[in-house]
Amino acid sequence: MLARFAKILMVLVWASTSALIAQAEDAGRVAAPQYTLPENAKSCVADTAFMRRNHMNMLKHQRDETMHKGIRTKKYSLKNCINCHVTKDEAGKPIKVSNPKHFCAACHEYAAVKLDCFECHRSTPMETGKSAQIPDIPEHTGLLADNSSAVKQLGEYLKGVKQ
Amino acid sequence: MARTVYMKLQNHTGYFDILILLHVAVIAVGMGSVYYMEHFGHIVTGMSNQIVWGTPHVFAIFLIIAASGALNVASISSVFSKYGYKPYARLSGLLALSLLAGGLAVLVLDLGRPDRLMVAMTKYNFKSIFAWNIYLYSGFMVIVLAYLFTMMAKKMDKYTKIAGYAAFAWRLILTTGTGSIFGFLMAREAYDSALLAPLFIASSFVYGLAFTVLVLITVCHTSQRSMMNEDMVRNFRGLLIIFMAAVLYFTAIFHLTNMYSAEHAGVEWFILASGNVYSLIFWIGQILIGSVIPMAMLAWPKIGGKRQTLSIASVLMLIGGIAQVYVILIGGQAYPMVLFPGMEVTSSFQDGMVGTYTPSLPEIALGVSGISIAMLLSGFIMRVMPFLPRGDRMG
Amino acid sequence: MSKFSLKDAYIDKARRDFLKKAGAGVATTVLGAGITLMAYPDPAAARKPDEPVDASKRWGLLIDANKCKEDCNACVTACSQENGWKLDGDPRHDSQWIRKLTIKNPQGGFTQSFPVMCQHCTNPPCTDVCPTGASFKRADGIVLVDKHICIGCRYCMMACPYKARSFIHQPLEDQKPHAPRGKGTVEACTLCVHRVDRGDQPACVERCSKDGNGALIFGDLNDPNSEISKQIATYPTRQIRADLGVDPGVRYKNL
């Protein structure tokens, strides 16, 4: 009951925020953040429009799977996002989320949505070790080959989120 | 018996405005403290990995206990049919609601992640006494609101009795729940006793009545109307003495059972006889200032019947109440946890050491602002809705 | 008249439930009257990344208090490096997922030193009291804090009989990617769940055998053939505050 109420509230909040964004776009005052693909990747795990709408649900789904069931597939993991979506400063070092140019920060600031991942999670790749490299490229290209099936696959995957 | 006519708090003196301003200022400082604590983390408070609950929790628990007790006067009139108390039943219900709101505000604002209040309200672990309490608190709000509605709406008074019974039962369960937050903790020597629930219930009678009496005397003063006759002064005086005697009784039994079992002798010595800050607060704060002096004042025939005595005794009892919760809560955590009975234990994590705790200014400000939230809320509602018996003009 | 114990009944039920679940992973063949052949899955085989954990395993630690030496801090250093917490000289506020405890018998002064961390109880008081369910026990017995839903109420710290949990008192950044931790939430030993999930041992155990005195054994308490189970079957071992009935997965030998 309360959970449903919370959902309704969240939808209302979301609706009003998106309305605001639309207004801002119309007025042409705030430039939308520019999206560029990371150097070594050909695409994200799904197309941009899908990711814009659903990345939070995908992350939430993955977080519960990992946290409670110990499922540690890399593809939709936050670590994978962070390792790929790196913005570097002039010295070539990855920038932290406290910098508004950080991939996540740029968009969230624009949309005025509070970002709660990096209170606990690291917002840059670890500098040393295997995890710093971009993993799972084959999976990415596999998705590129047939985008519609990829979206369908994601839809299936996300069904778990609603529960 | 004449029908009671109720009024809003009108034509008040400047004293009322000063009180309101004072509460607003205290709340502002309290909210500033919340922001400060939230920004820098709990490192700026006196709380630590050993004393995990500090001054904000002392005030929050004190207010939540007081909230259920504030309903006393209403219960006495509806459940025990003592109609002399009826004119104050509305005020009693209002205070119950606002004290609970004040206590919960402090509790929530001290969370490590107060921004996740929504999580606390949507995800429940039904084995947690905390989670039960969330239901007990919201249920209490609903029942007391319904109770007030039956008292104040037209032609609803036939339901007042049943609402009064429901509220009375609920408030006993609620305080049992608050006591059980500690009573069910087997890990800490100072808690782990079912006696904490009845002790908290007895305490709630004292704190709640003391708050009600103080507010009543304050509104009489500020509205220049006499709402309490000599009979009621005598009644309140007697009740405060009896309730305080009950608290002393449960306190004595609690410590005696603990002292009798050798296992708990250490923590009993720590609280009662070690001469540390907690035994000082217990003997001087709770027993002397909070119990013996006000009881003696009220029982003394010459001055016991005066309104001034009643208000001073109530203030002392509330101070004693804060001392009582402080000793139970902080003292209980300061006593080192026993991992290896009979052994001397040392580590880098302060094992085997008495926890040190000094309340920081922001913590105290947050705690005190809970009282101000309760008082501001009830003051405001009394101003806009008829909660007070009309009484006679003074002077 | 036989005495009825509610606790025993409770434990029996838990055991039956567990056997039911465990049955899924064990092929049982009844060869004849009284003879049962049981084939256990290879305990050494790591779980695949997309497979959920189940109750067929119950991870535990065995700590040998005779082998552990007071001057050695290898397990603590390893944990701190692995998980990114550190001691900043403020014992009241610094997180300590694992600590070396020294106990001294006041009669004669006999001392022992050994590490204490989250004891990964079967009946953890922290998960009982947690209002949101952020404290939880994974199917394989590892007790964790889901920091996504932890509201920082610290009730679990009040309830833990082992003082195993720490509250994060300050904002943090540059955490280890596998060990997220942040201001306002509670944390404790995770039994290096990220390593266990890929088939490795916890960092403390690995370091103790490499740089320390080989005092720590990690393994599956449900598998009678694991080293830890064999040790427990052969030598006297105990749990800290076993009287509380929380049944820790961390056991101590020669204590």
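Bear in mind the structure is a predicted one, so any value in this text is a computation, not a measurement.

In this section: the interface of chain C and chain A. On the side of chain A, 16 residues touch chain C, which itself brings 20 residues to the contact. Of the residues assigned to the side of chain C that touches chain A, the class counts are 6 nonpolar, 4 polar and 10 charged.

Here we take up the interface of chain C and chain B. Facing the 45 residues of chain C at the interface are 38 residues of chain B. Those elements giving two or more residues to the side of chain C that touches chain B turn out to be strand E4 (98-104), helix H3 (125-129), helix H4 (155-159) and strand E8 (166-167) of chain C. Broken down by element, the side of chain C that touches chain B gets its largest block of residues, 6 residues, from E4(C). Pairing of strand E3 (residues 344-347) of chain B with E4(C), which is carried by 4 bridges, proceeds in the antiparallel orientation. Directly across from Val345(B), in E4(C), lies its bridge partner Ile103(C).

Let us now look at the sheet that holds strand E12 (residues 250-253) of chain C. Residue and element names in this part refer to chain C. On the basis of which strands lie adjacent, the open sheet formed by 4 strands has the order E10-E3-E12-E11 and mixed pairing. The open sheet has two free edges, formed respectively by strand E10 (216-220) and strand E11 (237-238), since each of these has just one partner strand. Pairing geometry for E11 and E12, over 2 bridges, is antiparallel. What sits directly across from Arg238, in E12, is Tyr252. Against the sheet, helix H7 (residues 227-234) contacts strand E3 (59-64), E10, E11 and E12, and its axis sits at roughly 110° relative to E10.

Counting 180 residues, the largest nonpolar core has Phe62(B), Leu63(B), Leu99(B), Val206(B), Leu240(B) and Leu216(C) as its most contacted members. At 16 residues, the largest contribution of residues to this core is made by helix H8 (residues 196-223) of chain B. Once you skip the residues sitting within four places of it in the chain, Leu240(B) turns out to touch Val206(B), Leu209(B), Ala210(B), Leu298(B), Ala313(B) and Met317(B).

A word on the sheet that holds E4(C). Sheets are built from strands paired through backbone hydrogen bonds, the pairs being either parallel or antiparallel. With antiparallel pairing, 3 strands are arranged side by side in an open sheet as E3(B)-E4(C)-E5(C). The open sheet terminates on both sides in strands that have one partner only, identified here as E3 of chain B together with strand E5 (111-117) of chain C. This sheet shows a mean twist of 30° between the axes of neighbouring strands, independent of strand direction. Bridge count between E4(C) and E5(C): 7 bridges; the pairing is antiparallel. Pairing of Ile98(C) across the sheet is with Met117(C), part of E5(C).

Residues and elements named next belong to chain B. Packing of helix H9 (residues 230-260) against helix H10 (residues 265-272) leaves a shortest axis separation of 7 Å and a crossing angle of 135°. By the angle between their axes, H9 is oblique relative to H10. Two packed elements cross with a definite hand, and for H9 against H10 that hand is left-handed. Facing H9, whose interface residues are His255, Asn258 and Met259, H10 presents Ala265, Glu268 and Leu272. Taken together, the residues of the contact of H9 with H10 sort by class into 3 nonpolar, 2 polar and 1 charged.

Each value, and the rule that gives it
- Per chain, the residues get numbers from 1 upward, laid out in the order the sequence is written.
- Note on labels: chains are lettered from A, ligands numbered from 1, in written order.
- Given that the model is predicted, a residue must reach a pLDDT of at least 70 before its local features are reported, and side-chain atom pairs must reach 80 or more before they are shown or counted; all residues, however, enter totals for whole chains, interfaces and linings.
- What counts as a contact here is a pair of residues whose C-beta atoms, placed from the backbone, lie within 7 Å.
- Throughout, the ten residues Ala, Val, Leu, Ile, Met, Phe, Trp, Tyr, Cys and Pro are labelled nonpolar, Asp, Glu, Lys and Arg are labelled charged, and all others, Gly among them, are labelled polar.
- What counts as a helix is a DSSP run of H or I of at least four residues, what counts as a strand is a run of E of at least two, and both are numbered from the N terminus.
- Think of it this way: DSSP has to see at least two bridges between two strands before they count as a pair.
- Every angle, taken between N-to-C directions, lies between 0 and 180 degrees, and every axis is a line fitted to C-alpha atoms, over only the stretch in contact when it is a helix.
- Note on definitions: a nonpolar core is a set of buried residues drawn from Ala, Val, Leu, Ile, Met, Phe, Trp, Tyr and Cys, linked by C-beta atoms within 7 Å.
- Remark: C-beta atoms are placed from the backbone, and a residue is labelled buried if 20 or more other C-beta atoms sit within 10 Å of its own, exposed if 12 or fewer do, or partly exposed between those counts.
- Working definition: roughly parallel below 35 degrees, roughly antiparallel above 145 degrees, roughly perpendicular at 65 to 115 degrees, and oblique for all remaining angles.
- Left-handed describes a crossing whose near helix is turned anticlockwise from the far helix through less than a right angle; right-handed describes the clockwise counterpart.

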